[in-house]
Structures are given as structure tokens and as C-alpha cells.
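Given next are the chains, with one letter for each unit.
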Amino acid sequence: MNVLLSAVGRRAYLVEYFKAALAPCGGKVIAANATRDATGMLLADVAEVVPSAKEPGYVDAMLEICGRHEVRLLFSLHDWEAPYIARARERFLAVGTTPVMPSPEVMGICLDKFKTFEQMTKLGIPTPRTYLDRATAERELVFPMIVKPRLGQGSLGLFKVNTPDELTWAYQLSLSAAQTFSVDDAVADCETPLVLVQECINGDEYGCDIVNDLQGNFVTAFVKRKLGMRAGETDVAVTVEAPRIVECAKKISAWSRHPGIMDTDFFIDRTGNAWLLEMNPRFGGGYPFSHAAGADIPAAFAAWASGLEPAADCLRVRLGVQAFKDIMMTVQR
């Protein structure tokens, strides 16, 4: 069984996780990326350079790679690439490849932070009050507030503001950041305004991996308390038990029916309530902390794709495991 990781970038750890998971059956990890100079490409069994997702030949290039390498499972590791694959799902299934990702409709809600707010409100999951109109936000909310792009990533253009003057300049800076994101209608509706203002929740930040099987059935959820962040990605975390977050995770799973893994961010406030902040329909930067604590979701997907039940240990984490990300060097031979 061969697996394709697209937009692999620097996620070399995922390449290594999947190589270990596929080793017993002799499977290979194929990496695809818009540039060859990336650590994920260097460590993969096979590396393929493809056009960027917005280019007309992207889907055809991916289909050709899947057919030539007999790819069984396809995982996209970039939010704004995955929708192009999801919209061509039937074409990938026709060459024997299963894209492990939600429907385009679910993906569009996950990537649009205002639609996320609307959907979570419908599900009864606490989420910060969110406004597209700055004047309404200033009337309905109290400082501090959060200003950020509606379609953002990596905390770019995100500001915490404490006064009306700060709100004014942060809104303009966030708008400038939002306008640099090259997102088209295949990814999201690109509705305006591009910036939103959000209620600020005080508490501790958590990450949760929501794991569904390949049919979209809820299997498990791993929760980590974030102890350090860098450029919007978890840098230090510890695995914990958080029943209120898991309760929300089950509701999200039942709504999304996403095959694969959903990376989600939560806050737990001072009263113990869990608040959903964001959803990313893919392996996120917090998954390595689950893996370090004993989970092996790549092995679980390999088992499911083979019609087998994963080993129970693949779907469990040890609580209280604290892990740290580090900088590594990879030398091209």
C-alpha cells in the first residue's frame, strides 16, 4: 500500500510516521510539493514536484502520480490545496486513490472563520462571539477583542486589542494581511469583509485531534494543553484528559463526517467551559504531540485501508506526556 502526502513542505515527521506504518507491508510514502527543496521531499521514498493547486494542470498532475505509483490513500497537508482535491474526489477514486479529507462543503466552513462561528453556534458548541462589522463588534463586545483575517493561517494578521484606537489600526493591518492571502472561489466563497472581530476568551489553550475512520465514524480524540506557541503552531504541549473538549469533538465529528483527522483549537475558561476557536481539516501541527504520547494514526489508517482493525495501542495516548518541537537539519545526499 502506498500513501501520498501532498503539500508536504517541512512536515518530515509525518513522512517518517507513515514510512514506519507502511514498512510491514512494504508500502511507500510518496511526497508531492510545489518545490523540491523541502525536508518532507528529501525523506520520502519518492518525491514529485507538482504545479501549485491553483494552476490548471494541478489535479491532472496529482491524478497521474496516484495512478503511476498505485497510491491508496491521499492526505493533503495544506488547507488551501485540499479543496481542489476534494472537488475531484470521484476522479481520484476512479484511479484507486481515496482522498482522506472532508467534503468541499465541510472544508469551506472549516476554512472560513465566520462560517465556523455560525456552524458551531448551530451545534450548540460554545465559540467566541464573532462579528464582520467593526461598529457592531464595538457595540456588543468589551475590550480586549481579537481582530484577525476571516480566511487566515499561521496567526498572520491576528491582533489582541485593548482600546478603540488599537481596534482601528489593527483592523487595517489585519486587512492588509488578509489581502495577501491568494485564495480563490475553489477554496472559499471569498465573501467580504475579509476581517472579523471576535470576543476574547481568557483561559488555557488546547489542541484536539478528532479522529474518524475512513467512513467518517468517530473513533477517538486526543487532547493536548498548549504550553508554548510559535508562529501560530504548537511548540510545547502536554497530553491531558479533557471531557468537555471530547464532548465537543464528538459533536463536530457527527456533523462533519470527515474521513481522517481534524485538527481543532479550544480554550478552557476559568469556569471550566470549553470554547471552540478553529478547525483545520487535516493533520495539524499538534499531531506530533499525540504521536509522541503513543498514538499512531498513520498505522490506524493503513489498517483501515486494508480492511483490518488497528491495534488498540494506535488509538490511545499516555496522559501527562510533555513534548517539545526542535529544529533539525537534513542533508541532501
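What counts and how
- Residues numbered from 1 in each chain as written.
- Predicted model: local features only at pLDDT ≥ 70, side-chain atom pairs only at ≥ 80, totals over all residues.
- Heavy atoms only, no water.
- Axes fitted to C-alpha atoms, helices over the stretch in contact; angles between N-to-C directions.
- Helix = DSSP H or I, 4+ residues; strand = E, 2+ residues; numbered from the N terminus.
- Parallel < 35°, antiparallel > 145°, perpendicular 65-115°, else oblique.
- Contact = heavy atoms within 4.5 Å.
- Nonpolar A, V, L, I, M, F, W, Y, C, P; charged D, E, K, R; others polar.
- Pairing = 2+ DSSP bridges.
- Salt bridge = Lys/Arg side-chain N within 4 Å of Asp/Glu carboxyl O.
- Buried < 20%, exposed > 50% of the residue type's maximum accessible area, 1.4 Å probe, protein only.

What follows concerns the packing of helix 6 (residues 104–111) against helix 7 (residues 113–123). Running from N to C, helix 6 and helix 7 point in directions that differ by 105°, and their axes come no closer than 5 Å. As the angle between them shows, helix 6 and helix 7 are arranged roughly perpendicular. Contacts between helix 6 and helix 7 involve Gly 108, Ile 109, Cys 110 and Leu 111 on the former and, on the latter, Lys 113, Lys 115, Thr 116 and Gln 119. Residue composition of the contact of helix 6 with helix 7, by class: 3 nonpolar, 3 polar and 2 charged.

It is worth spelling out the sheet that holds strand 4 (residues 71–76) at this point. Read across the open sheet, the 5 strands follow the order 3-2-1-4-5; overall the sheet is parallel. Strand pairing shows two members of the sheet lacking a second neighbour, strand 3 (46–49) and strand 5 (98–99), which therefore form its edges. When strand 1 (residues 2–6) meets strand 2 (residues 29–33), the two strands line up parallel, connected through 4 bridges. Note that in strand 2 the partner of Leu 4 across the bridge is Ile 30. Sitting on the sheet, helix 1 (residues 12–22) touches strand 1, strand 2 and strand 4, and the angle it makes with strand 1 is about 170°. Packed onto the sheet, helix 3 (residues 58–68) meets strand 1, strand 2, strand 3 and strand 4 and runs at close to 155° relative to strand 1.

Within the open sheet, the 6 strands sit side by side as 14-13-10-11-12-15. Their pairing is antiparallel. The strands lining the two open edges of the sheet, one partner per strand, are strand 14 (274–280) and strand 15 (322–324). With direction set aside, neighbouring strand axes in the sheet form an average angle of 30°. Across 3 bridges, the pairing between strand 12 (residues 233–240) and strand 15 is antiparallel. The residue of strand 15 that forms the bridge with Ala 237 is Ala 323. Here helix 12 (residues 297–305) sits on the sheet and contacts strand 10 (203–212), strand 11 (218–230) and strand 13 (260–269); the angle it forms with strand 10, its principal contact strand, is near 20°.

This part takes up the pattern of salt bridges. In this structure the tally under the stated criterion is 14 salt bridges. Note that Arg 68 and Glu 64 form a salt bridge whose closest N and O atoms lie 2.7 Å from each other. Taken together, the positions of Arg 68 and Glu 64, both in helix 3 and 4 residues apart, correspond to about one turn of that helix. What makes Glu 64 partly exposed here is its relative accessible area of 41%. A salt bridge links Lys 148 to Glu 278; the shortest N-O distance between them is 3.3 Å. Of this pair, Lys 148 sits in strand 7 (residues 145–149) while Glu 278 is found in strand 14, placing the two residues 130 residues apart along the sequence.

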